Number of protein chains: 2
Amino acid sequence: MSPRTIPRVVVVGAGFGGLTAAKELAKRQVRLTVLDRKNHHTFQPLLYQVATAGLSPGEIAAPIREILRGHQSVEVLLAEVQDFDLERRLVVTPEQALPYDYLIVAAGASHAYFGHDEWEPLAPGLKTIEDALEIRRRVLLAFELAERHVAGGRGQVRLNFAVVGAGPTGVELAGTLAEIAHHALKMEFRSIDPAMTHILLLEGGPRVLAAYPEDLSRSAEEQLTKLGVEVQTNTQVTQIEAGAVWTGDTRIPAQVVLWAAGVAASPLSKKLHVPLDRAGRVVVQGDLSIPGHPEVFVIGDLASVKYDEGKLVPGLAPAAMQQGRFAAQCILGDMEGRSRTTFRYRDKGTLATIGRAAAVGQFGKLHISGYLAWLSWLFIHVMFLVGFRNRVLVMIQWAWSYLTYERGARLITGSNTLPGWVETNSAPAEPEGAATAADRK
Amino acid sequence: MSPRTIPRVVVVGAGFGGLTAAKELAKRQVRLTVLDRKNHHTFQPLLYQVATAGLSPGEIAAPIREILRGHQSVEVLLAEVQDFDLERRLVVTPEQALPYDYLIVAAGASHAYFGHDEWEPLAPGLKTIEDALEIRRRVLLAFELAERHVAGGRGQVRLNFAVVGAGPTGVELAGTLAEIAHHALKMEFRSIDPAMTHILLLEGGPRVLAAYPEDLSRSAEEQLTKLGVEVQTNTQVTQIEAGAVWTGDTRIPAQVVLWAAGVAASPLSKKLHVPLDRAGRVVVQGDLSIPGHPEVFVIGDLASVKYDEGKLVPGLAPAAMQQGRFAAQCILGDMEGRSRTTFRYRDKGTLATIGRAAAVGQFGKLHISGYLAWLSWLFIHVMFLVGFRNRVLVMIQWAWSYLTYERGARLITGSNTLPGWVETNSAPAEPEGAATAADRK
């Protein structure tokens, strides 16, 4: 390509990777189109706060076109990509075929149910704002239905919440659910005691936060236990039904089951017709392009990228952002006649939050946990949150929550039913004795 | 009833009326149960701000049990009332029959489509948080679909938003939509110009805000016009179809149609088996109780209450709150052996907001409009907003919006389709010429 022509770049997906690439390209002489199925960029590391009623959706998500509006050369379209025509260099959506000179595919990942898609309605995962609102609805509703059941004189209810998978998402969900049950709802119920809610974290592998060093896994498990979470490692979930999970022959009743056990690359990876790894990720080349197509880059959770000693680059926001910047620089380098380099992942450390004043973190050889890790986590996440206004609002919400234990967004919207919860005159789930609502006749 | 027994009071509905009654009773020697279909009290006067992406749901709604948690004698239950057994003094829900000594029915009102319930999916009204989110989704999505359509080279799109009914809700929706189109979305689209959006306010009667004095109606219409709203009075909507409204023989294409033309009392009024007025409201006695049942009160939008010269008490939050306080005082008076008085509505004035720095207000003989009315409206509504935290957050949001014209909650969640908008290779709605997306080939 001659340096004089203005290349058309299409970015598919406005997560951390796609958005970083777009911002990098937006300042330069390219015609850029950003496609996303949603109108908003979601700050995924704080999604669990929406799921647990600590923050409102508007505080962790911002319209993509608002983020990019300062750049007149950038076009943002709400569209669902169906296919790629790599030969004719077209991105195919139901509405149009969009030509490109360069393509950056950053379509991310979604939940994987390991061949059990029928579990999805029973155990929602946490990837989108809609997912978070559905989890919030179920969690808050479980307390309401239990209160109503006991108040109606139909026996006690033991509330069980099961979180499947003890990666970062499962750990933060379980920890925060414990905080809600033990603190946020205190004093608000008359017939049930929310603090009696049983929070169970089920992990198939031998330890929580398996991607972290062993000492931090141990610390995380201790912190979870202190928050009131029961952690069961080496426990495979073999079946999920409405109102219960099975681990082998054991049926564990649970009014709310949340899925944090696996992610798979977006099915869009298949449309590129190049080799994929077992998780469906595109095995990219050193410059993050795909074999035979130097003009097509795959970045973020959709890409399988190796770095030193054959380790895979982790599916984290900073990694996606580094890749987005790298792909953008490759395109700009092409325009200026520079030759491409190889992507190098810089591991700046990782932090996982567990709950109130509880977290673990690894920065090279430095391992931290507890309050210090939590403060670092807080600071970094609020600082990276998109948009000045959101940062201020989130900080106020958090300061308030921290001081009062309140959760600011405890709304149930949508249906008032839970899978497996049937209102009859018999107890719905795990009755434990007869009516005790003594002052009602 | 002897003054010594502790009466059981059931309040149905936790809107302004029910919540005020509950708070008044909570401090005294009664056993109180508050029933609501939702877990949250909604600050309805600010609902249009959620519908127009200015505020998040969590900022104008708070869990009912959080509001009342300080009172150990108060029980809050999420429940949908099906029926009343006035003889046996029972409130019937699907789960239980709740006995009462006193009953306060404050179930409010909902949209009325005047026998055209089939219009509801085509033209949503604004009564709940869910309604507001659906309106927000449609409004934001219309701009996205138009941008995508034009960017795809399939002709221009003229966006038309029609608001049916020019009462306070219709006026504030139309005014705020104009603000969004003309200011908030500026600079963000490349193929369409949101400022070209046509906002149409259709009113069957001769003037907007018919409940206000004529000079304020005139002022409101002028302010609407200045904001860019086309006001059509004396215009009956005779039919609504996907993508259009009809006024007589005229078909007006409209990608978004909003309904603000009528409310009707909750169908629960019929379950009381007492005389109703034409809008389905319960015609209560002087003490707000129903004939033959001094222990049953009906308050708020569900009640038809006359005050001086036979005028009806308006369906406003202050009126409902006064009635809630009065009903609670009747119950407490009964307990103390005082005789009942007649409810007197104190009209403290009314304010209707129109848009940015635009409003009208009436305080007795004082009529105000424009900036002063808007400031008064702002002050009063933020002050009355439930919960200290919400007030602070809302004020920050508003200060930010006022300075920047930004809308903080512009998220599209849920489906990416609009009724009547079909993506084909022909233009979807009112094509006005051929493809113009010149720089796309």
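Residues numbered from 1 in each chain as written. Chains lettered and ligands numbered in written order. Predicted model: local features only at pLDDT ≥ 70, side-chain atom pairs only at ≥ 80, totals over all residues. Heavy atoms only, no water.

1. With respect to the confidence of the model for chain A
All names here are of chain A. In the predicted model, chain A carries a mean pLDDT of 90, and the fraction of residues at 70 or more is 94%. In this model, residues 425-441 is a region of pLDDT below 50 whose contacts with residues beyond four sequence positions or in other chains number 38 contacts. For this predicted complex, the interface score ipTM comes out at 0.90, alongside a pTM of 0.92. (pLDDT = per-residue confidence, 0-100. Contact = heavy atoms within 4.5 Å.)

2. Description of the relation of the copies chain A and chain B
Laying chain A over chain B is done by rotating through 180 degrees and shifting 0.0 Å along the axis; what remains is an RMSD of 0.0 Å. Both copies are brought into coincidence by an operation consistent with a two-fold rotation axis. (Least-squares fit on C-alpha atoms with pLDDT ≥ 70 in both.)

3. Thoughts on the interface of chain A and chain B
Across the boundary between the two partners, chain A contributes 65 residues, which contact 64 residues of chain B. Together chain A and chain B conceal approximately 5,900 Å² of surface at their shared face, both sides included; 50% is due to carbon and sulfur atoms. At the junction of chain A and chain B, the tally comes to 8 salt bridges. Notably, a salt bridge pairs B:Arg148 with A:Glu95, separated by 3.0 Å at the nearest N-O pair. For the pair chain A and chain B, the number of links is 28 residue pairs in polar contact (both at pLDDT 80 or more). Those elements that place two or more of their residues in the side of chain A that touches chain B are strand S2 (31-36), helix H3 (57-60), strand S4 (61-63), helix H4 (64-67), strand S5 (74-78), strand S8 (97-99), helix H5 (129-151) and helix H10 (388-404) of chain A. With 7 residues, H5(A) is the single largest residue contributor to the side of chain A that touches chain B. In the side of chain A that touches chain B, the residues fall into 24 nonpolar, 15 polar and 26 charged. (Buried area = accessible area lost by both parts, 1.4 Å probe. Salt bridge = Lys/Arg side-chain N within 4 Å of Asp/Glu carboxyl O. Polar contact = N/O pair within 3.5 Å; in protein donor to acceptor, adjacent residues only side chain to side chain. Helix = DSSP H or I, 4+ residues; strand = E, 2+ residues; numbered from the N terminus. Nonpolar A, V, L, I, M, F, W, Y, C, P; charged D, E, K, R; others polar.)

4. Remarks on the sheet that holds strand S11 (residues 160-164) of chain B
Residues and elements named next belong to chain B. Strand order across the open sheet formed by 4 strands is S13-S12-S11-S17, with parallel pairing between neighbours. The outermost strands of the open sheet, each flanked by one partner alone, are strand S13 (229-232) and strand S17 (256-259). Neighbour-to-neighbour, the strand axes of the sheet open up by a mean angle of 20 degrees, direction not taken into account. In the packing of helix H5 (residues 129-151) onto the sheet, contacts are made with S11 and S17, and the angle to S17 comes to roughly 160 degrees. (Pairing = 2+ DSSP bridges. Axes fitted to C-alpha atoms, helices over the stretch in contact; angles between N-to-C directions.)

5. Here's the deal with the side chain of A:Glu95
The residue A:Glu95 is located in the loop between strand S7 (90-92) and S8 in this model. For A:Glu95, a relative accessible area of 11% gives the class buried. A polar contact is formed between the side chain of A:Glu95 and the side chain of B:Arg148, at a distance of 3.0 Å. (Buried < 20%, exposed > 50% of the residue type's maximum accessible area, 1.4 Å probe, protein only.)

6. Side note on the nonpolar core
In this structure, A:Phe143, A:Leu201, A:Val208 and A:Leu224 are the most contacted members of the largest nonpolar core, which totals 76 residues. Ignoring anything within four residues of it in the chain, the contact list for A:Val208 reads A:Ala166, A:Val171, A:Leu201, A:Ser217, A:Ala220, A:Glu221, A:Leu224, A:Val231 and A:Thr233. With 74 residues, the next largest nonpolar core counts B:Leu46, B:Ala352, B:Ala359 and B:Val382 among its residues. (Core = buried A, V, L, I, M, F, W, Y, C linked by side-chain atoms within 4.5 Å.)

7. Considering the packing of helix H1 (residues 16-26) of chain B against helix H8 (residues 317-335) of chain B
Residue and element names in this part refer to chain B. Viewed as axis vectors pointing N to C, H1 and H8 meet at an angle of 35 degrees, and their least axial separation amounts to 7 Å. Considering the relative orientation of H1 and H8, their crossing is right-handed. Between H1 and H8, the residues in contact are Phe-16, Gly-17, Thr-20, Ala-21, Glu-24 and Leu-25 and Ala-317, Ala-320, Met-321, Gly-324, Arg-325, Ala-328, Gln-329, Ile-331 and Leu-332, respectively. When the residues that make up the contact of H1 with H8 are grouped by side-chain class, the tally is 9 nonpolar, 4 polar and 2 charged. (Left-handed = near helix turned anticlockwise from the far one by under 90°.)

8. Examining the sheet that holds strand S6 (residues 83-85) of chain A
Residue and element names in this part refer to chain A. Pairing is antiparallel in the open sheet, where 3 strands are placed in the order S6-S7-S8. Strands with a single pairing partner mark the edges of an open sheet, and in this sheet they are S6 and S8. When strand polarity is set aside, the average angle formed by the axes of neighbouring strands in this sheet is 25 degrees. Where S7 and S8 come together, 3 bridges link them in antiparallel fashion. The partner of Val-92 across the bridge, within S8, is Ala-97.

9. A word on the pattern of salt bridges
Enumeration over the complete set of coordinates arrives at 40 salt bridges over all chains. Between B:Arg410 and A:Glu66 there is a salt bridge, with the nearest N and O atoms lying 3.2 Å from each other. Here the residue B:Arg410 occupies a position in the segment after helix H10 (388-404), and A:Glu66 occupies one in helix H4, the pair thus bridging two chains. For the pair formed by B:Arg410 and A:Glu66, the shared burial category is buried. Residue A:Arg410 pairs with A:Glu188 through a salt bridge whose shortest N-O separation is 2.6 Å. Within this pair, whereas A:Arg410 is found in the segment after H10, its partner A:Glu188 is found in the loop between helix H6 (168-184) and strand S12 (198-202), the two being separated by 222 residues in sequence. Accessibility classification places A:Arg410 together with A:Glu188 in one group, the buried group.

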